Amino acid sequence: MPSTWSRLASLQDLFFRQFMLRKSQATSLLTKAACCTLLWLLCMASFAQESITYDIKGVDDSKLRNNIRLHLNGLDVEKALLTDPYWQDEVAEAVATAVQPYGFYNSETEVRILEGDKVAVDVALNAPLTINKVTREIIGAGREDKAFRERFNSLQLKEGDVLNQTIYESFKSSMFNYALSHGYFDYFWQATRLDLVRDEKQANVLLIAQSGPQYQFGELKFVGDDKAKDIIERLKPFKAGDAYSSATLADFNRSLNQSGYFTRVIARPVVSEADGLLVPVEVSLLHRPTDTFNVSVGAATDTGPRVRLGWERPWVNSKGHSVSSDVFISAPEQSVTADYRIPMRNITRDYASIEAGYQFIEYSNTSFESETLSLSAHRYWQQDGSPWQQDYSLTYLRETYDQGELEANTTSLVLPGYSLTYSKKDSELNISNGNYFQVLAQYGKEGLGSDIDYIKTVVEAMFIRTYNNKHRITLRGELGAIKTNSFDDVPASLRFYAGGDQSVRGFSFRDLSPKAELINPETGKLYVESIGGKYLATSSVEYAYSIAGNWRIAAFLDAGKAADDISDSLAYGIGPGVHWLSPIGAVRVYLARGLSKEENDWRVHIILGPEL
């Protein structure tokens, strides 16, 4: 066993080593602190130095001038030192380094000290190097790929051109990126060389690329729940064996994110797991919640406050069927709608829809009251990247309404229909530029599910343009016509009315239309009521000027009518307005003067929400 003295010696040795280690660590920390302090003092001293303004002469090209200035600003030198030949050579060397990438390898520089903080730098670029020969070669599968060859041969440096190394380096980088984005994952530069022959003022370029094979799309590989497999397969814009393309994969990701089924989704190639040349595409996704709810509010002079409650279940089954419902509530109108959507080939733009709805309307300025039940089937489709959407529909409508001299009249219609809609805007809330166009036609035949013959066509359009972020012009128009064998039996909700916030300002909602004189059964007094017309024509032009921040002032002129005779005169609305671009959308307030044969009055219109 070790003796007591030996154990004491061991402990003493241990304490000594720990003491020396800690001393060394402390010394190291002190040394680091001292170095940091010294570095900080040097930096502060350099900032305290007088800055130099270089006046560069003899160079017209802005890129060259900026590059020279960048290199000169990197010199750590005081103005007083620039009289020293050593520092003048440093300036000349900085200029030479700045201009060489642009082919000027024989430049000369002279430094002159001026008054104040300025220093003149006179540069003579002299003759540049020009391209004498360009040698290019592709080894591998890319040699037989026409698009690859065209891209490889697109180097902008040709024989006789001034040497520009930025173009040369940029091409090497872009060619590498092009190869990877088109499935040449084994691509590399087998040889690249830029030979400079300064005496002859020439340069030779050598580029030899090893493309390797072109990889292909493989099968999809799902990470997480795969209940969306059928949907994703239908959205996939490629099949196994197609040449890999990052652009195609980007389109796939865009379609996935626009489908509305996922809160997060990304598709990426897994090259490390390639089976031969087939690269699997990994799809990582997170589905949307089973049920989603939303609430939106708004207000307008015609309808007062309004609220919309929405519910959606994006996944009814693995085929991607979805169901949604909306409840709309305002003083004159209450409605409930339900929509069952069946996706077709293109999930977001190509689908069938079955809609059912109930609507009750009662307007305070008329005795109009309507209760409507509807059931319709729609077939929507829209080409990829196109703002045009088509809709074929078949609608059953049953409406019971009281209006004018007709009481508790009920009409049933079966209406095949078609609409074509164009919509494009630069914002969902505050629109600066946008276009909207729609044409709609519906047809009903007595004896084929309809109580009357009925044809209705409507065309409407709106254009919004903003110039110089100041001047905003809005043009709006609508035309409509109804042809029937019994207009008295046309449901009130299908007739035409004009007047109001979105029609002819200066008049109350639906105030412009044929009218009937009725007797109030309670008072026995006569009153006049709008009953709707066969024809509709409205137009509007509005100019708005941005005055400060989120505020605009506006002026408008509206014109329009709803009538049974197309020769009836137009009513006009004119006045000023103000717009406030709030975080929840534009708030527009107008003071409108209505001008017509029957009425000349002022009205205030308040509108919350986007025009399109």
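Rules of the game
- Residues numbered from 1 in each chain as written.
- Predicted model: local features only at pLDDT ≥ 70, side-chain atom pairs only at ≥ 80, totals over all residues.
- Heavy atoms only, no water.
- Helix = DSSP H or I, 4+ residues; strand = E, 2+ residues; numbered from the N terminus.
- Buried < 20%, exposed > 50% of the residue type's maximum accessible area, 1.4 Å probe, protein only.
- Contact = heavy atoms within 4.5 Å.
- Areas by Shrake-Rupley, 256 points an atom, 1.4 Å probe, with all protein chains shown as cover.
- Pairing = 2+ DSSP bridges.
- Salt bridge = Lys/Arg side-chain N within 4 Å of Asp/Glu carboxyl O.
- Axes fitted to C-alpha atoms, helices over the stretch in contact; angles between N-to-C directions.
- pLDDT = per-residue confidence, 0-100.
- Expected span 1.5 Å × (residues − 1).
- Arc of directions from axis to C-beta.
- Polar contact = N/O pair within 3.5 Å; in protein donor to acceptor, adjacent residues only side chain to side chain.

Colleague: What should I look at first to understand the overall build of the protein in this one?
Modeller: Looking only at helices and strands, the protein features 7 helices and 27 strands. Here the protein holds 612 residues, and the buried ones make up 38% of them. Within the protein, contacts between residues at least 6 apart in sequence are counted, and of these 53% link residues at least 24 apart. Per element, the accessible surface of the protein, about 33500 Å² overall, is 55% carbon and sulfur.

Colleague: Honestly, the environment of Y54 in this entry has me stumped. Any pointers?
Modeller: Tracing the chain through its elements places Y54 in strand β1 (residues 53–57). Separated by 59 residues in sequence, Y54 and I113 have C-alpha atoms that sit 9.8 Å apart. In this view, Y54 contacts R69, L72, N73, V77, V119 and V121; residues no more than four positions away in its chain are not counted.

Colleague: How should I be thinking about the pairing of strand β20 (residues 471–484) in this particular structure?
Modeller: Looking along a regular strand, one sees side chains alternate from face to face of the sheet. Sheet topology places strand β19 (residues 454–467) next to β20; 14 bridges connect them, and they run antiparallel. Residue I464 lies in a different strand from β20, and its bridge partner there is T474. The antiparallel pairing of β19 with β20 creates a hairpin that spans 3 residues between the two strands, and N468 there sits at a positive phi of about 55°. Pairing geometry for β20 and strand β23 (residues 535–548), over 11 bridges, is antiparallel. Counted as the bridge partner of G477 is S539 from β23.

Colleague: Is there a simple way to think about the pattern of salt bridges in this case?
Modeller: Once the charged atoms of two side chains with opposite charge are near each other, the side chains can pair. Enumeration according to the criterion identifies 21 salt bridges in this entry. One salt bridge in this structure joins E273 and K221, with 2.9 Å as the shortest N-O distance. Note that E273 is positioned in the loop between β8 (262–269) and β9 (278–287) and K221 in strand β7 (residues 216–223), a separation of 52 residues in sequence. A relative accessible area of 41% places E273 in the partly exposed class. According to the relative accessible area criterion, K221 is partly exposed, its value standing at 32%. Taking the shortest distance from any N to any O, the salt bridge between R476 and D558 comes out at 3.9 Å. Here the residue R476 occupies a position in strand β20, and D558 occupies one in strand β24 (residues 551–563), the gap between them amounting to 82 residues. Each of the salt bridges in this network shares a partner with another, and the network as a whole consists of R476, R505, E542 and D558.

Colleague: I would appreciate a short explanation of the sheet that holds β7 in the present structure.
Modeller: Adjacent strands of a sheet form backbone hydrogen bonds with each other and so pair up, either parallel or antiparallel. On the basis of which strands lie adjacent, the open sheet formed by 3 strands has the order β7-β9-β8 and mixed pairing. Each of the sheet's edge strands pairs with one partner strand only, and the pair in question is β7 and β8. With strand direction ignored, the average angle separating the axes of adjacent strands in the sheet is 20°. Here β8 pairs with β9 via 7 bridges, running antiparallel. Looking at β9, one finds that R268 is bridged to E282. The strands touched by helix α7 (residues 246–258) within the sheet are β7, β8 and β9, with β8 carrying the most contacts at an inclination of about 165°.

Colleague: Would you take a moment to explain the confidence of the model for the protein for this structure?
Modeller: Parts of the model with low pLDDT should not have their predicted coordinates read in detail. Of the residues in the protein, 88% reach a pLDDT of 70 or more, and the chain-wide mean stands at 85. Predicted confidence for residues 1–49 stays below pLDDT 50, and this span has 4 contacts to residues more than four positions away or in other chains.

Colleague: What should I look at first to understand helix α2 (residues 62–73) in this one?
Modeller: Side chains three or four residues apart in an α-helix point the same way, a direct result of the helix having 3.6 residues per turn. Here α2 is 12 residues long and its end C-alpha atoms lie 16 Å apart, about the 16 Å a rise of 1.5 Å per residue gives. Here α2 has its buried residues at L64, N67, I68 and L72. Around the axis of α2, the buried residues are gathered within 135° of arc, so they sit on the same side. In α2, those exposed residues whose orientation departs by more than 90 degrees from the buried face are K63, N66, L70 and N73. If you follow the buried residues of α2, they end up packed against β1, α3 (85–99) and β3 (118–124). The N-terminus of α2 is capped by D61, whose side-chain oxygen sits 3.0 Å from the backbone nitrogen of K63.

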